[in-house]
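# Structure at a glance
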Amino acid sequence: MTTRRAVVAGCVCGCAFAGAARSARVRPAEMQALVGPGYRPADADERGMWHDFARLEAEIASSNRLLGSPAMQRYAEGVIARLLGDRAAETRVYLIHDHAFNASMAPNGMMIVNTGLLARCRDEAQFATVLGHECAHYLRRHSLQRWRDMRTKTGIIAFVGAGTGLAAGVAAAAGAYPGTWIDVANAINAALVLSIMRFTRAQEAEADAYGVRLIEQAGYPPGAASAIWQQVIEEDRASARARGRRYRDATRSAMSSHPPNRERMLDLSASARELEAASAPPRRYDGGREAWRAAIAPLRARLLEEQIGLNDPGVSLYLVTALARDGWDGLLRYCEGEAYRLRDEPGDAARAATAYARAVASDDAPPEAWRAHGYALLKAGDADRGRQSLARYLERRPDASDAAMVRFALTR
Amino acid sequence: MTKRMRGAILAAVTLAGCTQTRQVADIGFRPPEGRYRLIVMRPDVSVGLLTAGGAVELREDWTLAARANILHAIEAQQAARGGTVTVAATREVAGSTPAAVADLDRLHQAVGTAIRVHKYARAKLPTKKGRFDWTLGDDAVRFGRATGYDYALFLHAEDSFASAGRVAVQALGMLGCAVGFCVIAQGGRQAAFASLVELKTGRIVWFNTLASSVGDIRTADGADRMIASLLDRMKPGSAVTASAR
């Protein structure tokens, strides 16, 4: 390796570490809205962006992936109103069927919330944490800044690329080695790419800090923010363990758009303590567990089915157990059974049967629990009780799509 | 001027002045004539600025102007062809229900993308060799029955214009070409496609794509030209399917 090449390689490594290095926590108190109420874009790039997202929003508004629950829609809007006050009118929220734990905010105030998020929240404060984070992106005009940052840096990348052709050509014509120029250009451009990713991570850290302040101001316990990241990390670990893999946080990369999960959790927890200490007199917080349970109850069976159907047993069992920290019920027991049945490892059939039996012992068991319990009993050779259980299923779901099949099973 | 430089400039000029269209059609397709009813579904038009880095930044004013120009150009172009033509500027005026129209639009987007990937681009499908038999199926037939149209025409058009920064990158790249290290930066360009759906059967009977490095659909004249290149010379299936092998 020539000396110059070594220098270049050193630069690249240096930049990579700079890209991945832990950045300082953003203080919630520093976060202010960058746009006033009723903001409309004025610059050409921002107007174009809003126009583009307005078209996308029209598609989403008529999408068949919408959750289609007016009650949950009102509930989500209510939480946003609590977080943003009058400014809530600038946002529109769309609840979309998507199993991934995620939500997003468009520059024009269109917020998308996945069912995968609804499935994982344990109280209103956790839900508000994510909505608050997305609202912060809007109030800080992050999409626009991200676009402008990327536009500048990709512009420089293009100039460096084109300039390198010229420099290398001239060097070659002069009898010098042209490769050095190409190495230098690659180093500069790699650093710029890392810098783009670093910029988006800084925005996410801002949104976390601003979001936790918004929930604290709305009277939610600010600790809910770090609690939800704790759950995300535990879930990822459970998933990796169940698949026999080593847990590795994919967000711990210089190319990640978001800061590492653990870092976010620790920062949010520090911010929460800071906010709690600063509230004088000490505020009484309410996580809204009961309100959340009431709002999510009619949807939970569908939300959990969507998750368990993915057959990632680590995730399914973690999710069920995490939700059961607030108490087991018939639905959670049934879901536990389904997770074991789908995993189908030695002993899982018995575990599933136990879970189904516990499910039907509870008054709030879903009708499907009776079916599952019935089949489990039939398999175990307990024909009488198995038939009784299947009959209970048919009583509760006479119009079920598999009713004819279950009736056939009863005749045997 | 060196020979190499002359070559590079010639190549750049040739690239700059190019408009290409390529149509494919169902083997039995004949361009509609006589008494037919055609609806042009809400054209999907976007115009933006090509940044130095090569991304397209959408411009609202350019897009709105181009959309109006394209609608007008289609009306004028179709008026000369004899059929009864309705141009739907929005989904609401296309007939049937807005939800059904939106569904059909999305279905067409998916099938149109498949055509471009599997018929035009490299990912050719062996089962589609030498034929053109894509369909929107029952949704399109139902739409035709509900509205009474014989054909639906779908159209997508985009245009972009190089920013000053992009022009500088292109110039720098071209200088590199002169000394033997070429970094070609593409300039602004037009891309469009149109497809004709026979609503009796739901089949896409004709499809055309356009790629151009000249033209400007922000102007009425530019939009007329694009629509003329895309729709004027609709050929019967027997003439184009063989070439689409």
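Remember, predicted model here, so these are calculated numbers, not experimental data. (Residues numbered from 1 in each chain as written. Chains lettered and ligands numbered in written order. Predicted model: local features only at pLDDT ≥ 70, side-chain atom pairs only at ≥ 80, totals over all residues.)

### What to know about the overall build of chain B
- When you go through chain B residue by residue, the secondary structure sums to seven helices and eight strands.
- Here the C-alpha atoms of chain B give a radius of gyration of 20 Å, agreeing with the 18 Å that 2.2 N^0.38 yields for 245 residues.
- Projecting the C-alpha coordinates of chain B onto the three principal axes gives extents of approximately 65 × 40 × 30 Å.
- Taken across its 245 residues, chain B has 42% of its residues classed as buried.
- Contacts in chain B between residues at least 24 apart in sequence constitute 76% of all its contacts with a sequence separation of at least 6. (Helix = DSSP H or I, 4+ residues; strand = E, 2+ residues; numbered from the N terminus. Rg over C-alpha atoms; globule rule 2.2 N^0.38 Å. Buried ≥ 20, exposed ≤ 12 C-beta atoms within 10 Å, placed from the backbone. Contact = placed C-beta atoms within 7 Å.)

### Here we look at the domain arrangement of chain A
Residue and element names in this part refer to chain A.
- In terms of domain boundaries, chain A breaks down into domain 1 (3-277) and domain 2 (300-411).
- Distance from the C-alpha centre of domain 1 to the C-alpha centre of domain 2: 39 Å.
- Contact with domain 1, which involves 14 residues of that partner, is made by 15 residues of domain 2.
- Only α4 (115-120) and α8 (224-242) provide two or more residues apiece to the side of domain 1 that touches domain 2.
- Of the residues that constitute the side of domain 1 that touches domain 2, the class distribution is four nonpolar, four polar and six charged. (Domains from an automatic or database assignment. Nonpolar A, V, L, I, M, F, W, Y, C, P; charged D, E, K, R; others polar.)

### Details of unusual backbone geometry
All names here are of chain A.
- Of note in the backbone geometry, Arg 141 takes a positive phi value of approximately 50° without being a glycine.
- In this fold, Arg 141 is placed in the loop between α5 (124-139) and α6 (142-173).
- Exposure remark for Arg 141: the 17 C-beta atoms within 10 Å place this residue in the partly exposed category.
- Look at Asp 344: it is not a glycine, yet its phi comes out positive at around 55°.
- Within the fold, Asp 344 resides in the loop between α12 (330-343) and α13 (348-360).

### So, the sheet that holds strand β1 (residues 92-96) of chain A
Residues and elements named next belong to chain A.
- Ordered in space as β1-β3-β2, the three strands form an open sheet in which the pairing is mixed. Because the sheet does not close on itself, it has two edges, and the strands there are β1 and β2 (103-105). Neighbour-to-neighbour, the strand axes of the sheet open up by a mean angle of 15°, direction not taken into account.
- The pairing of β2 with strand β3 (residues 110-114) spans three bridges and is antiparallel. Its bridge partner lying in β3, Met 105 is registered against Met 111.
- Contacts from helix α3 (residues 70-84) reach β1 and β3 within the one sheet, and its direction differs from that of β1 by about 135°. (Pairing = 2+ DSSP bridges. Axes fitted to C-alpha atoms, helices over the stretch in contact; angles between N-to-C directions.)

### As for the interface of chain B and chain A
- With 25 residues of chain B in contact, the opposing surface of chain A contributes 24 residues.
- A total of six residues in the side of chain B that touches chain A trace back to one element, the largest contributor, which is helix α5 (residues 164-178) of chain B.
- Of the residues that constitute the side of chain B that touches chain A, the class distribution is 13 nonpolar, nine polar and three charged.

### What to know about α5 of chain A
- The end-to-end C-alpha distance of α5 of chain A is 22 Å, a good match for the 22 Å that 16 residues give at a rise of 1.5 Å each.
- Of all 16 residues in α5 of chain A, 16 are buried, a share of seventy percent or more. (Expected span 1.5 Å × (residues − 1).)

### A few points about α8 of chain A
Residues and elements named next belong to chain A.
- With 19 residues, α8 ought to run about 27 Å at 1.5 Å a step, and its terminal C-alpha atoms sit 27 Å apart, in line with that.
- For α8, the full list of buried residues reads Ala 224, Ala 225, Ser 226, Ala 227, Ile 228, Trp 229, Gln 231 and Ala 238.
- In this structure, the buried residues of α8 make contact with α4, α5, α7 (179-217), α9 (261-278) and α11 (313-323).
- With its phi angle positive at about 70°, Gly 244 sits one or two positions after the end of α8.

### Re the confidence of the model for chain A
- Summary statistics for chain A give a mean pLDDT of 90 and a share of 95% for residues scoring 70 or more.
- A low-confidence stretch, residues 11-19 of chain A (pLDDT under 50), is modelled with 13 contacts involving residues beyond four sequence positions or located in other chains. (pLDDT = per-residue confidence, 0-100.)

### Regarding the nonpolar core
- Grouped together as the largest cluster of nonpolar side chains are 82 residues, with contacts concentrated most on Leu 83, Ala 128, Cys 135, Ile 215 and Tyr 356 of chain A.
- Among the elements that make up this core, the one with the highest residue count is α5 of chain A (nine residues).
- Contacts of Tyr 356 of chain A, omitting those with residues within four sequence positions, involve Tyr 334, Gly 337, Ala 369, Ala 372, His 373 and Ala 376 of chain A.
- Residues Ala 25, Ile 70, Val 101 and Met 226 of chain B belong to the second largest nonpolar core, which totals 51 residues. (Core = buried A, V, L, I, M, F, W, Y, C linked by C-beta atoms within 7 Å.)

### A few points about the pairing of β1 of chain A
Residue and element names in this part refer to chain A.
- The side-chain alternation of β1 yields one buried face, formed by Val 93 and Leu 95, and one unburied face, formed by Arg 92, Tyr 94 and Ile 96.
- Relative to β3, β1 runs parallel, the two being bridged by five bridges. Pairing of Leu 95 across the sheet is with Val 113, part of β3.

### Focus on the packing of α5 of chain A against α7 of chain A
Residue and element names in this part refer to chain A.
- At a minimum axis separation of 7 Å, α5 and α7 run at an interaxial angle of 125°. By the angle between their directions, the pair α5 and α7 is classed as oblique. Crossing of α5 against α7: the hand is right-handed. Mapping the contact onto sequence places Ala 125, Ala 128, Thr 129, Gly 132, His 133, Cys 135, Ala 136, His 137 and Leu 139 in α5 and Glu 206, Ala 207, Asp 208, Tyr 210, Gly 211, Leu 214 and Ile 215 in α7.
- Residues of the contact of α5 with α7, tallied by class, amount to nine nonpolar, five polar and two charged. (Parallel < 35°, antiparallel > 145°, perpendicular 65-115°, else oblique. Left-handed = near helix turned anticlockwise from the far one by under 90°.)

### Considerations on the environment of Ser 96 of chain B
Residues and elements named next belong to chain B.
- Its location among the elements puts Ser 96 in the loop between β5 (84-87) and α3 (98-120).
- Sequence separation between Ser 96 and Thr 86 is ten residues; the distance between their C-alpha atoms is 14 Å.
- What Ser 96 contacts, discounting residues up to four positions off in sequence, is Val 101, Phe 143, Ala 146 and Thr 147.

### Structural notes on the packing of helix α2 (residues 60-79) of chain B against helix α6 (residues 220-231) of chain B
Residues and elements named next belong to chain B.
- Remark: α2 packs on α6, axes separated minimally by 8 Å, with the N-to-C direction vectors making an angle of 50°. The pairing of α2 with α6 is recorded here as oblique in orientation. Pair α2 / α6 crosses with right-handed handedness. Contact with α2, carried on its side by Ala 66, Asn 69, Ile 70, His 72, Ala 73, Ile 74 and Gln 77, involves Ala 220, Ala 223, Asp 224, Ile 227, Ala 228 and Leu 231 of α6 and no other residues of that element.
- Taken together, the residues of the contact of α2 with α6 sort by class into nine nonpolar, three polar and one charged.

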